[in-house]
Each structure stands twice: as C-alpha cells, then as structure tokens.
Amino acid sequence: MVECVMKTFLAPMEDITDTVFRQVLCDIGRPDIFFTEFMNVDGFCSEGRDAVIHRLKFVDKERPIIIQLWGNTPENYAETVKYLVENVKPDGIDINMGCSVKDVLKTGGGGALIKQKDLVKEIIEVVRGNIGDIPLSVKTRLGYNSVDYDWIEYLLSFNLAMLTIHGRLVKEGYNVSCRWDDIGKCVDIKNSISPTTLLIGNGDIFSKEQGEEYVGKYNLDGYMVGRGILQNPWIFSDKNNVSKEERISVLKKHVKLYLDTWGGEKHFYTQRKYIKAYINGFDGAVKLRNELMLMGAEDILAF
Ligand SMILES: Cc1cc2nc3c(=O)[nH]c(=O)nc-3n(C[C@H](O)[C@H](O)[C@H](O)COP(=O)(O)O)c2cc1C
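Residues numbered from 1 in each chain as written. Predicted model: local features only at pLDDT ≥ 70, side-chain atom pairs only at ≥ 80, totals over all residues.

Draft legend 1. Fine view of the pairing of strand 4 (residues 92-97). Of all the 6 residues making up strand 4, 6 are buried; the element is thus mostly covered by neighbouring parts of the structure. Bridge analysis of strand 3 (residues 65-70) against strand 4 gives 4 bridges, and the strand direction is parallel. Pairing of Leu-69 across the sheet is with Ile-95, part of strand 4. Bridge count between strand 4 and strand 5 (residues 136-143): 5 bridges; the pairing is parallel. Bridged to Asp-94 within strand 5 is Ser-137. (Buried ≥ 20, exposed ≤ 12 C-beta atoms within 10 Å, placed from the backbone. Helix = DSSP H or I, 4+ residues; strand = E, 2+ residues; numbered from the N terminus. Pairing = 2+ DSSP bridges.)

Draft legend 2. Local environment of the site of the ligand. In the neighbourhood of the ligand, 21 residues make up the surrounding shell, with Ala-11, Pro-12, Phe-38, Gly-226 and Arg-227 lying closest. Here the residues of the shell around the ligand are counted per class, giving 8 nonpolar, 8 polar and 5 charged. (Near = placed C-beta within 6 Å. Nonpolar A, V, L, I, M, F, W, Y, C, P; charged D, E, K, R; others polar.)

Draft legend 3. Representation of unusual backbone geometry. Going from Arg-63 to Pro-64, the amide bond is cis rather than trans, its omega being -5 degrees. Secondary-structure assignment places Pro-64 in the loop between helix 3 (49-52) and strand 3. Unlike most non-glycine residues, Asp-15 shows phi in positive territory, near 65 degrees. In this structure, Asn-219 is a non-glycine residue whose phi angle is positive, near 60 degrees. Summarising the element assignment, Asn-219 is placed in the loop between helix 9 (208-218) and strand 8 (222-225). For Asn-219, a count of 13 C-beta atoms within 10 Å corresponds to the partly exposed category.

Draft legend 4. Molecular detail of the sheet that holds strand 2 (residues 34-40). Pairing is parallel in the open sheet, where 8 strands are placed in the order 1-8-7-6-5-4-3-2. Strand pairing shows two members of the sheet lacking a second neighbour, strand 1 (7-10) and strand 2, which therefore form its edges. Pairwise comparison of adjacent strand axes, ignoring direction, gives a mean angle of 25 degrees for this sheet. Relative to strand 8, strand 7 (residues 198-202) runs parallel, the two being bridged by 3 bridges. Residue Asn-202 lies in a different strand from strand 8, and its bridge partner there is Met-224. Contacting strand 3 and strand 4, helix 4 (residues 74-88) runs over the sheet at an angle of about 160 degrees to strand 3. (Axes fitted to C-alpha atoms, helices over the stretch in contact; angles between N-to-C directions. Contact = placed C-beta atoms within 7 Å.)

Below you can see the structure in the form of structure tokens.
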C-alpha cells in the first residue's frame with residue numbers, strides 16, 4: 001500500500017470526514033492518506049443504497065484514499081468490493097472491526113467481529129477474492145473486554161497490507177485514555193508474524209509533534225488522527241498560528257464546497273461542527289462563532 005518512512009492518516013469519522021472536509025484539508029494541510037467514513041455493506045447491497053452511497057464520494061485530489069466498509073455479511077462484502085473495484089477504484093479498502101457504537105455492535109459488525117473469528121476469516125477471504133491488487137487493511141481496537149493480543153495475532157496472520165489499532169477496548173468507548181504501551185507491544189507481534197504489514201497507531205493524538213513522538217517511541221509505521229482534527233484542522237500543516245482572516249476564509253471555502261456538493265442532501269446544521277473547528281483560537285472567537293452559528297450558508301458566504 002504505502003512505501004513507509006512514516007505516514008499520517010486522517011481517521012474515518014462518520015458525519016465528519018466527508019469529501020468536503022477532506023478537500024478543504026487538501027488545501028490547508030493534509031495527511032498522507034485519507035479514509036472515507038465507514039459504509040455499511042448490507043445497506044449498500046439493499047434498496048437503501050442511496051442512503052449510504054454518498055460516503056463513497058471523493059475527488060481525485062483526495063487520493064490516496066482508503067474506503068472503509070463495515071457489516072457482517074460475507075456475500076455483501078463480496079458484492080460491494082466488486083463494485084468498488086470496477087467503479088470507484090480506491091487506493092485501499094479497509095474493514096472496520098473496532099466500532100464501539102451500540103447500534104453497530106447489535107448488528108454483529110464493527111467491534112463485535114472481535115468475538116467472531118470464523119466470520120472474520122470468511123469476510124477477509126471473500127474480500128480477497130474480489131479485491132484484485134487493491135491493498136486490504138483492517139482497523140480495530142486492542143480487544144473487546146480486555147487487551148487481547150491473540151486477536152491482534154489472528155488479524156496479523158492474514159498478512160494484511162495495513163493494520164490500524166485504536167488503543168482502547170470495545171467495551172470502553174472513549175472512557176479511558178488510550179493505551180499506547182499496548183499498541184507498542186503489538187509492533188513486536190507484527191514484526192514476528194507479518195513484518196510487511198504496516199502498523200498504524202490511533203488514539204488521543206492532538207498534535208503533529210505528539211504523533212511523531214509516538215511513532216518514534218513505539219516503532220510504528222504511522223499515526224492516525226481522529227477528533228484532533230476538529231480541535232485543529234491545521235494539525236497536518238506546519239502552521240502554528242493561523243490568523244482570524246485565514247480561518248474565516250477557509251470556513252467560506254468549506255461552505256461554498258458544501259453548497260456545491262451536498263446543498264440538497266445534507267442540512268446546513270450538520271456543518272456547525274466545522275464552524276466550531278475553524279473559528280477558534282483568537283480573541284473574540286467565541287463571540288464570532290456564536291454569530292456564525294446562527295447564520296445560513298448564504299449569509300456566511302456574504303459575511
Ligand atoms: C464522531 C466519530 C465518528 C467515527 N466514525 C468512525 C468510522 O466511521 N470508522 C472508524 O473506523 N472509526 C470511526 N471513529 C473512530 C475514529 O476513527 C478513531 O478511531 C477514534 O476517534 C480514536 O481516535 P482519536 O482519539 O484520535 O479521536 C469515529 C469516531 C468519532 C468520534
């Protein structure tokens with residue numbers, strides 16, 4: 001997948017890391033590799049396809065981009081991957097095996113796959129059968145109820161192109177700090193079982209310096225930033241200080257792209273999280289943000 005010195009990744013985050021946000025990041029400071037939000041293969045292979053297919057949307061400048069899938073039905077993985085290979089041609093396909101959201105776990109997908117090793121094997125085999133030469137990766141957590149190196153070993157036995165580990169357990173959600181030392185132990189397992197698999201660490205990274213420090217300390221191939229991007233959308237850039245004017249201008253660029261891309265599809269209130277992200281860190285930011293939050297898209301563009 002990636003010739004590795006060290007790679008940076010933007011985490012897949014539902015309703016956050018869509019094509020509009022990723023395109024803005026391409027202009028202000030992008031990671032080496034993007035992920036799409038996860039897309040449910042069962043939804044994709046049903047009459048509800050229209051409700052999930054927007055997650056596949058990206059433009060060329062976002063490449064390299066990895067499409068993330070979730071679900072628990074091997075046939076639907078097969079059909080979805082076949083479609084992706086023929087029509088979308090992503091730079092990688094990733095399977096989510098770590099999501100801790102209750103509604104996802106209830107369906108037997110995401111983190112629930114940790115408890116279904118035979119199904120995991122079946123899914124990986126059918127995906128492999130249809131993926132051609134597109135690299136296959138998995139994103140998971142350290143375990144379900146406890147740190148589970150057998151699980152990590154099991155995944156590494158499939159000789160994946162890449163494995164991303166979020167250093168928490170499925171049962172924990174976000175309630176504890178990330179266990180970076182345990183992610184570090186997975187590097188030793190990887191080196192003995194599948195040295196060519198790239199191992200990426202994820203969890204609680206809020207600056208480039210911190211990410212680089214962890215990659216060095218734990219001998220990882222890269223780091224992935226999730227929520228940190230909303231605290232600082234410039235996290236992948238070399239900028240420490242971003243002026244108020246630039247922040248407003250980037251927000252306007254985002255709103256324009258939103259209108260062009262999603263105008264009729266996503267309500268504008270879904271964009272408030274980005275207003276909060278961009279309009280930050282200068283005197284008077286809170287007041288301005290509160291004013292902008294009350295405006296519609298056209299008003300922000302005219303501001
Ligand atoms: C709002 C939200 C949506 C998320 N959606 C996904 C997703 O679609 N796929 C996935 O693998 N992880 C998803 N995650 C988990 C993140 O990718 C990441 O693993 C997690 O937030 C830990 O990284 P962080 O501490 O840098 O945020 C999501 C997290 C959040 C907060």
